[in-house]
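Okay, here's what each chain looks like letter by letter:
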Amino acid sequence: MLRLRGIRTQFGDKVIHDNLDFDLFRGEIVGLVGGSGSGKSVLLRTIIGLIQARAGTVEMLGVDTGTLHGKAKRQMLARTGVQFQDGALFSSLTVTENIIVPIREHAGLEEQTMREIAALKVALVGLPGDAGDKKPSELSGGMRKRASLARALALDPELLFLDEPTAGLDPIGASHYDELVKGLSRNLGLTILMVTHDLDSLSAICDRIAVLLDKRVVVGTMAELLEYDHPWVREYFHGPRGRAARQEHK
Ligand SMILES: Nc1ncnc2c1ncn2[C@@H]1O[C@H](COP(=O)(O)OP(=O)(O)OP(=O)(O)O)[C@@H](O)[C@H]1O
């Protein structure tokens, strides 16, 4: 679904990723972790084309995105959904109107049909029906995250990118959100790359974990990473907060 080869990103002299390779396979959920400033968000932005890599290729759904321009690029991006860290909903629009924005841009259906699709997406992410008529500011933080997930799902994407989806949720809200993401992946066959700091999410729903280390990505299952010999990985997975994950994978 996604193949990164030899990716290099940098801002001025500061190199963020260097010769980075990464593969994401159909139907899997992969968690992307790494220290603060290690380049998780920059990698996500590079994949979805918001940042241009200085070197390397981003192949998405079998196509080198560097060769796409204009309409072809928009069509490719329409096959992916992104939930940004802060939700990035339009505050002046209702949830329904927010979900309709990408549908109008890419599919151009009748207004009523778009509203019906939006209502389906609202239900799909477990929001009550009346949430569609509310503005983001009228929703709780957890509901806003679900609303922005509904918008990311607007065009029935095959590939979904989530940037710290459970940040700011209480443990119960976060575990409900995890269940939702796992259910979506199973039921819709979605492939998901999720930036997260949440060790419980990693343990509960991720098939593999990608760790940004020294400008590259190391990928493995939780069990494999628990054995991986690198100071950051050891501290992360073997620190006090990694206890639950460790117990699950004993
Ligand atoms: N537009 C930009 N211009 C210059 N430097 C940037 C830009 N965006 C990110 N950076 C730098 O790139 C590095 C990686 O940033 P990034 O946001 O990807 O980190 P992260 O791993 O997502 O961190 P966190 O876990 O704290 O969110 C940081 O040093 C950051 O300052």
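Rules used throughout
- Residues numbered from 1 in each chain as written.
- Predicted model: local features only at pLDDT ≥ 70, side-chain atom pairs only at ≥ 80, totals over all residues.
- Domains from an automatic or database assignment.
- Contact = placed C-beta atoms within 7 Å.
- Helix = DSSP H or I, 4+ residues; strand = E, 2+ residues; numbered from the N terminus.
- Nonpolar A, V, L, I, M, F, W, Y, C, P; charged D, E, K, R; others polar.
- Near = placed C-beta within 6 Å.
- Axes fitted to C-alpha atoms, helices over the stretch in contact; angles between N-to-C directions.
- Left-handed = near helix turned anticlockwise from the far one by under 90°.
- Parallel < 35°, antiparallel > 145°, perpendicular 65-115°, else oblique.
- pLDDT = per-residue confidence, 0-100.
- Pairing = 2+ DSSP bridges.
- Expected span 1.5 Å × (residues − 1).
- Buried ≥ 20, exposed ≤ 12 C-beta atoms within 10 Å, placed from the backbone.
- Arc of directions from axis to C-beta.

Peer 1: Just give me the short version of the domain arrangement of the chain, but keep the residues and values in it.
Peer 2: Parsing the chain into structural domains produces domain 1 (26-51 + 158-250) and domain 2 (90-156). Listed by partner, the interface residues are 7 residues for domain 1 and 6 residues for domain 2. Looking at the side of domain 1 that touches domain 2 element by element, the count peaks at 3 residues for helix α6 (residues 171-188). Among the residues forming the side of domain 1 that touches domain 2, the class breakdown is 5 nonpolar, 2 polar and no charged.

Peer 1: Explain the site of the ligand residue by residue, including any values.
Peer 2: Around the ligand sit Phe11, Ile16, Gly34, Ser36, Gly37, Ser38, Gly39, Lys40, Ser41 and Val42, and that is every residue in its neighbourhood. The leading source of residues in the shell around the ligand is helix α1 (residues 40-47), at 3 residues. Class assignment for the residues of the shell around the ligand results in 3 nonpolar, 6 polar and 1 charged.

Peer 1: Pulling in residues and values, what's your account of the packing of helix α3 (residues 95-106) against helix α4 (residues 111-124)?
Peer 2: Look at α3 against α4: their axes get within 9 Å of each other, and the N-to-C directions meet at 120 degrees. Between α3 and α4 lies a crossing whose hand is right-handed. In this structure, α3 uses Val95, Thr96, Ile99, Ile100, Ile103 and Arg104 to contact α4, whose residues at the interface are Met114, Arg115, Ile117, Ala118, Lys121 and Val122. Classifying every residue of the contact of α3 with α4 by side-chain character gives 8 nonpolar, 1 polar and 3 charged.

Peer 1: Would you mind going over the packing of α3 against helix α5 (residues 141-152) in detail, with residue names and values included?
Peer 2: Running from N to C, α3 and α5 cross one another at 30 degrees; their axes reach a closest spacing of 8 Å. Between α3 and α5, the interaxial angle falls into the category roughly parallel. Handedness of the α3/α5 crossing: right-handed. Between α3 and α5, the contacting residues are Val95, Asn98, Ile99 and Pro102 on the first element and Ala147, Ala150 and Arg151 on the second.

Peer 1: Would you mind going over the confidence of the model for the chain in detail, with residue names and values included?
Peer 2: Chain-level pLDDT for the chain is 90 on average; 95% of the residues reach the 70-or-more range. Note on the complex model: pTM 0.90, ipTM 0.97.

Peer 1: Tell me about the sheet that holds strand β3 (residues 29-33), residues and numbers included.
Peer 2: If you trace the 6 strands from one edge of the open sheet to the other, you get β6-β7-β8-β3-β9-β10, paired in mixed fashion. Looking along the sheet, the strands with just one partner apiece sit at the ends: β6 (80-83) and β10 (216-220). Across the sheet, the mean angle from the axis of one strand to that of its neighbour is 20 degrees, orientation sign disregarded. Pairing of β3 with strand β9 (residues 208-213) involves 4 bridges; the strand directions are parallel. When the sheet's bridge partners are listed, Val33 is paired in β9 with Val211. This element, α5, spans β6 and β7 (159-163) of the sheet and lies at about 160 degrees to β6.

Peer 1: Explain α4 residue by residue, including any values.
Peer 2: Over its 14 residues, α4 runs 20 Å from end to end, which matches the ideal 20 Å to within 8%, given 1.5 Å per residue. Within the sequence span of α4, burial applies to Met114, Ile117, Ala118, Lys121 and Val122. The buried residues of α4 all sit within an arc of 145 degrees when viewed along its axis, so they share a single face. Opposite the buried face of α4, at more than 90 degrees from it, the exposed residues are Gln112, Thr113 and Glu116. The inward-facing, buried residues of α4 contact α3 and α5. Gly126 sits one or two residues past α4 and shows a positive phi near 80 degrees.

Peer 1: Can you break down unusual backbone geometry residue by residue, with the values?
Peer 2: At Leu61, a residue that is not glycine, the phi angle is positive and equals roughly 50 degrees. With respect to the element layout, Leu61 can be found in the loop between β4 (55-60) and β5 (63-64). For Lys215, which is not a glycine, the phi torsion comes out positive at approximately 75 degrees. Following the sequence through the fold, Lys215 ends up in the loop between β9 and β10.

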